[in-house]
Structure formats: C-alpha cells, structure tokens
Amino acid sequence: MNVQPSASEPAAVAAVAVPEAVPALDTAGPKDPGPGPGRGTALVPIVLVVAGGLSVQFGSAVAALLMPKAGALGVVTLRLAAAALILLVVCRPKLRGHSRADWGTVVAFGVAMGGMNTLFYQALDRIPLGIAVTLEVLGPLALSVFASRRLINVVWAGLALVGVVLLGGGGFDRLDPVGVAYALGAGAMWAAYIVFSARTGRRFPQADGLALAMVVAAVLSLPLGIWESGAKLTVPSTLALGAAVAVLSSVLPYTLELMALRRLPASTFAVMMSLEPAIAATAGFLILNQALSTTDALAIALVIGASMGAVRSQTGARQPGARKKKG
C-alpha cells in the first residue's frame, strides 16, 4: 500500500468535513489533475468509493449473520484480529524510530477503533443495520458542527435532530433503547477515531499507523471475544466468515478508498461517504430482510442531507477564493 503519508487514515475519516481530517485527505491526491481526463477515467474514483461503501456495509450484514454463531463480541474480535494480521503482512510497519507521543497517538487511535467497532456490533445485534449506521453517523456530524464556527451548521444539526426524532417514532423503546445507546456510543467513538486517525496519519508513514492501531484494537478486543464466545472462535467455518468480514469491512474498503483519494477531491469524497446510512439500509434489506418504514426512510434521508450539508458548507468555507469568483 504505497500511499501518501497523510492518506493513511481510513476513508471513514472523511465522512464529514472535519477540520483536521480534510486537509490531510486533500494531500492524498494530486492538486492539479491535469487537462483532458476522459469521462470514464473521471468515474473510476467514484466507482471505487461506492465499491468501498458497499463492501463495508455488506460486510456488516455478513457480520450480523455470524453473530448467532460467535456473538457480537466474538465477531468484533475475529474482524479486528484478521484485519490486523492482513495489514501487518501488507504494510510491514516499522517499530523503531517513533517517539513516546507517536505511540501514545497510535494507542489512542487503536482504543477508539476498538471501542467504535465493539459498540457498533453490539448495536447491530439489537437494531436494524440502516438505523444503527444512521445513529452512528451523528458522532462525526456533531464533531463537524462543534468544530465549525459557521451558523449554517446549526441548521444541519437541527435537520439531523429531526431525523433522529423521526427514528424514535415517539419513543426509542420501539428500536430497543440499549441498541440505540450502543449506536450513539459508537458515534462518539467514531468522532474520537476521526481525530486520532488524522493525528496518526501525520505521525506515521504510509499505512503504518493504521496497521499498528488495528493491532491495538485487536488486542483489546481479544479478552472480550474469548469471554463471550470461547471455543466458538476456533470453529473453521466461523473463522472463515470472520476473515471474510475483516476483508469486506476493513481491508478492501480502506484500500479502495485510499486509491480513490489519489484522484478525487476530499470534499466530493466526504459527500459520497455521507451516503453510508442509505447503503447500510439497502444491505440490511437485501441480506437481513430488514425492511424500513416510510418514516424510517425519511429519517435516514434527513440525516444524510444534514451530513452532506455540513460537508459542503465546511469545505466551501475552506476555499479562499470561493466568494471572490462572483465578480
């Protein structure tokens, strides 16, 4: 994975236009793409991002199918452990030459990654996939709103809040309040993940920081997975499905999205990542038979719209000549 140093952050970093993350992602691709790219060439990074999103969410759907065999914590352990092994082999990160602050950052990144995955799979075990991802996205959205000083982002936050109220349908007990709490907790960890992912990307070359953080997350999840599932984790069919979840949900999407970031503006990439709840709802319907009501679909659409709006307003404010081009 020969990528630019600051592009070592996983693609989820750009789910919203977070101040620390977007500049780093902008360096992942050429500033000047050059004249005359064909329409087919221009569509390639778009296809890569969509493929990455499909891979993540359909991987989550496969994980939901695996939970009756291995448990939610067991699935997290299998996913993180397999992903860590694959990334260690592919990236071969260097262990020497890093400061104490570097290691502190990568450990914090790994803790955030492990917490995000653990909480999300606990939510997935209790509420539909599309709704779980929608609630989780609120974490990065809130981070973007709080980090921005623009009044327009308050509007986007209000729009997202309306979507959440609609999802509640008069009371989140309809959805299992524990599952909702886990999804919101996963969103908070996603916000922390974004911050430490950006910092890790600046401190470690290529994807070394990602590989090391994945190891930290896997080590932290291992006792929980063994406690819940024990010998079930050693069943060959369970191991195979766990490896498939790791490839679908971690290795493949990160690779595809990092490739896309070399040729796609970070703002465009971030807007596309805002579509994750819709992709998740589709995967839940096709694989898990989780149909959404009209109200749920509208709520998800509102949260997606709020995420897109926050991205566009934040990245638009970062273009210094954007307002001067009218004259």
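Residues numbered from 1 in each chain as written. Predicted model: local features only at pLDDT ≥ 70, side-chain atom pairs only at ≥ 80, totals over all residues. Heavy atoms only, no water.

Student: Help me get a handle on the pattern of salt bridges, residues and values and all.
Tutor: With the rule as written, the count across this model stands at one salt bridge. Asp 102 is paired through a salt bridge with Arg 203; the nearest N and O atoms lie 2.6 Å apart. Placement of Asp 102 in helix H3 (residues 100-124) and of Arg 203 in helix H6 (residues 177-203) is noted, with a sequence separation of 101 residues between them. (Salt bridge = Lys/Arg side-chain N within 4 Å of Asp/Glu carboxyl O. Helix = DSSP H or I, 4+ residues; strand = E, 2+ residues; numbered from the N terminus.)

Student: Kindly report on the layout of surface pockets, identifying the contributing residues and their values.
Tutor: If a probe as big as a water molecule is rolled over the atoms, it shows which places are left empty. When its volume is computed, the second largest pocket comes out at roughly 150 Å³. As for the second largest pocket, its lining consists of Leu 138, Leu 141, Ala 142, Val 145, Phe 146, Ala 157, Ala 160, Leu 161 and Val 164. Elements with a contribution of two residues or more to the lining of the second largest pocket: helix H4 (129-147) and helix H5 (152-168). Ranked by residues supplied to the lining of the second largest pocket, first place goes to H4 with five residues. Across the lining of the second largest pocket, the residue classes tally to nine nonpolar, no polar and no charged. (1 Å grid on protein atoms, 1.4 Å probe; cavity = no way out; pocket = protein on both sides within 12 Å on 5 of 7 lines; lining within 4 Å. Points joined across faces, edges and corners; volume = space filled by probe spheres on them. Nonpolar A, V, L, I, M, F, W, Y, C, P; charged D, E, K, R; others polar.)

Student: Please give an account of the environment of Thr 295 that cites residues and values.
Tutor: Mapped onto the elements, Thr 295 comes out in helix H11 (residues 294-317). The class of Thr 295 is partly exposed, set by a relative accessible area of 38%. Linking Thr 295 and Leu 166, residues 129 residues apart in sequence, is a C-alpha distance of 6.5 Å. (Buried < 20%, exposed > 50% of the residue type's maximum accessible area, 1.4 Å probe, protein only.)

Student: Tell me what's going on with the packing of aromatic side chains, and back it up with residues and numbers.
Tutor: How two aromatic rings sit relative to each other is set out by the distance from centre to centre and by the angle between their planes. Taken as a whole and judged by the stated rule, the model has three aromatic pairs. Ring centres 5.3 Å apart and planes at 55 degrees place the aromatic pair Phe 109 and Tyr 193 in the tilted group. Taken together, the positions of Phe 109 in helix H3 and Tyr 193 in helix H6 put the pair 84 residues apart, joining distant regions of the chain. We classify Phe 109 as buried; its relative accessible area is 1%. Pairing Phe 120 with Tyr 121 gives two aromatic rings, centres 5.8 Å apart and planes at 70 degrees, and the pair type is edge-to-face. Cation over ring: Arg 199 sits above Phe 196, and NZ or CZ is 5.4 Å from the ring centre. (Phe/Tyr/Trp six-rings, centres within 6.5 Å; stacked < 30°, edge-to-face > 60°. Lys NZ or Arg CZ within 6 Å of the ring centre and 35° of its normal.)

Student: For the side chain of Ser 221, give the residues involved together with the corresponding values.
Tutor: Considering the arrangement of structural elements, one finds Ser 221 in helix H7 (residues 208-229). Among the residues examined, Ser 221 registers a relative accessible area of 4% and is labelled buried. For Ser 221, the contacting residues outside a window of four places in its chain are Val 76, Thr 77 and Leu 80. (Contact = heavy atoms within 4.5 Å.)

Student: Before we move on, could you go through H7 and cite the residues and values that matter?
Tutor: The terminal C-alpha atoms of H7 lie 30 Å apart, and with 22 residues this matches the ideal 32 Å at 1.5 Å per residue to within 8%. Considering bend angle alone, the principal kink of H7 is centred on Ser 221 and spans about 35 degrees; proline Pro 223 follows within four residues of it. Taken together, the buried positions of H7 are occupied by Asp 208, Gly 209, Leu 210, Ala 211, Leu 212, Ala 213, Met 214, Ala 217, Ala 218, Ser 221, Gly 225 and Ser 229. Note on H7: the residue one or two positions beyond its end, Gly 230, has a positive phi of about 55 degrees. (Expected span 1.5 Å × (residues − 1). Bend = angle between axes of the 7 residues up to and from the residue.)

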